[in-house]
Amino acid sequence: MAGKSLGERLAAGPVICAEGYLFELERRGYVQAGAFVPEAVLDHPEVVTQLHRDFVHAGSDIVEAFTYYAHREKLRIIGREAQLEEMNRQALRIAKDVADETGTLFAGDICNTNIYDTADPASHRAARAMFDEQVGWAADAGVDFIVAETFSDAAEAKLALAAIKAARLPAVVTMAVHRAPVTRDGMTPEDCCKMLADAGADVVGLNCIRGPKTMLPLVERIVAAVDVPVAALPVPYRTHDGEPTFQSLRDPHCDCLPGEMPFPVALDPMTCNRFEMAEFAKAAHALGVRYLGVCCGAMPHHIRAVAEALGRTPPASRYSADMSKHAFFGTDKSLKAKNREFSREL
Ligand SMILES: [Zn+2]
């Protein structure tokens, strides 16, 4: 598949995209929860390279530059605005190197600005300027396409899309839907995605915030409403009707949280296992989703489960579980019978 464009790969079959780098590098100790700025790009570039490699090894078809939240507003709040361009260009270089060495697609990434305000036209111009500068650096780096993600407002997503289209690049645009199943500016997900597809988005859909169970019903409606490929990249958490987002999840089994909310650093007990993520991939694919991934919380074993559920055998499948060789639970005839019998005591 190396060398093919996003459009050609989508025409040939589903495409897998690992996201959620902030959460994974936070767990590994290279990103600070709260501001969630990808400072590791400058401070520990080698761990960003390794994370990209880990996700490709597990089955990602795309290496996305780690520029989520590497924008002017986020760098301002951590006092590193002077390094905005350096951070973006370095993130793009790191991602391009891994995409080149692995034959995967190389994507730029822009996202929610956190300054956009429906009622304030000046904020619209400022957001557009933030998109334009990041899209410009991505275009310079030679990206295959740009992901514009995690937008709560339909109109902000449309501004991001316009910036990408002005650079004549393909655009994947995905919305973040919170507790209420509408955008912050009041559109249904399907109307919003139809609007974005009509405005030229090459792929539309949802990412982040909702886990598989509470994202899939919305995605089904999007597939029915648009003619372009649809994306679904849930967070790997067990959200449900009563707690549909990862911010609304509560953990009744833990009494030592510093507040009510397990989000963002104590969601571990609600994490979907690999079998649940495989079920998500199968269900999403059956609904017609063609761009599948996992957002905040994603780990490489989740991506491998998605890939294998779609019939792939990424390099990491070499090490997929085989319990037949387990000393106690295994079935291999050469294992000690005494240990196998003892398995009932474990
Ligand atoms: Zn996310």
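Look up a bit, the structure's there.
A quick note: this is a predicted structure, and the numbers were derived from the prediction, not measured. (Residues numbered from 1 in each chain as written. Predicted model: local features only at pLDDT ≥ 70, side-chain atom pairs only at ≥ 80, totals over all residues. Heavy atoms only, no water.)

1. Concerning the packing of aromatic side chains
Here is step 1: Scanning the model with the defined rule gives 10 aromatic pairs in all.
Here is step 2: With a centroid separation of 5.4 Å and an interplanar angle of 10 degrees, the aromatic rings of phenylalanine 23 and phenylalanine 36 are classed as stacked. On the criterion of sequence distance, the pair formed by phenylalanine 23 in helix α2 (residues 21–27) and phenylalanine 36 in the loop between α2 and α3 (40–43) is long-range, its members being 13 residues apart. The same class applies to phenylalanine 23 as to phenylalanine 36, namely buried. (Phe/Tyr/Trp six-rings, centres within 6.5 Å; stacked < 30°, edge-to-face > 60°. Helix = DSSP H or I, 4+ residues; strand = E, 2+ residues; numbered from the N terminus. Buried < 20%, exposed > 50% of the residue type's maximum accessible area, 1.4 Å probe, protein only.)

2. What to know about the coordination of the zinc ion
Here is step 1: Those protein atoms acting as donors to the zinc ion are Cys208 (SG), Cys295 (SG) and Cys296 (SG), and they sit at 2.2 to 2.3 Å.
Here is step 2: Summarised as a motif, the one-chain spacing of the donors to the zinc ion is C-x86-C-C. Residue cysteine 208 is found in the loop between β6 (203–207) and α10 (212–225), and its partner cysteine 296 is found in the loop between β8 (291–294) and α12 (300–309); the two are separated by 88 residues along the sequence. Here the two residues cysteine 208 and cysteine 296 agree in accessibility, since each one is buried. (Donors = N, O, S within 2.8 Å, 3.2 Å for Na, K, Ca; no water.)

3. Looking at the packing of helix α4 (residues 45–58) against α12
Here is step 1: Viewed as axis vectors pointing N to C, α4 and α12 meet at an angle of 25 degrees, and their least axial separation amounts to 8 Å. The orientation of α4 with respect to α12, classified from their angle, is roughly parallel. The crossing of α4 and α12 is right-handed. Touching Asp54, Phe55 and Ala58 of α4 are Pro300, Ile303, Arg304 and Ala307, all from α12.
Here is step 2: Considered class by class, the residues forming the contact of α4 with α12 number 5 nonpolar, no polar and 2 charged. (Axes fitted to C-alpha atoms, helices over the stretch in contact; angles between N-to-C directions. Parallel < 35°, antiparallel > 145°, perpendicular 65-115°, else oblique. Left-handed = near helix turned anticlockwise from the far one by under 90°. Contact = heavy atoms within 4.5 Å. Nonpolar A, V, L, I, M, F, W, Y, C, P; charged D, E, K, R; others polar.)

4. A short note on a nonpolar patch on the surface
Here is step 1: On the surface, Met323, Phe329, Phe342 and Leu346 cluster together into a nonpolar patch covering about 430 Å² of accessible area.
Here is step 2: Along the chain, phenylalanine 329 turns up in the loop between α12 and α13 (337–342). (Patch = residues over 30% accessible without salt bridge, like charges linked within 9 Å, V, L, I, M, F, W, Y side chains within 5 Å. Areas by Shrake-Rupley, 256 points an atom, 1.4 Å probe, with all protein chains shown as cover. Salt bridge = Lys/Arg side-chain N within 4 Å of Asp/Glu carboxyl O.)

5. Some points on the packing of helix α6 (residues 84–102) against helix α7 (residues 121–141)
Here is step 1: Viewed as axis vectors pointing N to C, α6 and α7 meet at an angle of 35 degrees, and their least axial separation amounts to 10 Å. Between α6 and α7 lies a crossing of right-handed hand. Residues Leu84, Glu85, Asn88, Arg89, Leu92 and Lys96 of α6 form the contact with α7, whose own contacting residues are Glu133, Gln134, Trp137, Ala138, Asp140 and Ala141.
Here is step 2: Looking at the contact of α6 with α7, its residues break down into 5 nonpolar, 2 polar and 5 charged.

6. A look at the pattern of salt bridges
Here is step 1: Enumeration according to the criterion identifies 20 salt bridges in this entry.
Here is step 2: Between arginine 221 and glutamate 190 there is a salt bridge, and its shortest N-O distance comes to 3.2 Å. Of this pair, arginine 221 sits in helix α10 while glutamate 190 sits in helix α9 (residues 189–198), placing them 31 residues apart in sequence.
Here is step 3: Residue arginine 221 is classed as partly exposed on the basis of its relative accessible area of 35%.
Here is step 4: Connected through shared salt-bridge partners, Glu24, Arg27, Arg28 and Asp54 make up one network.

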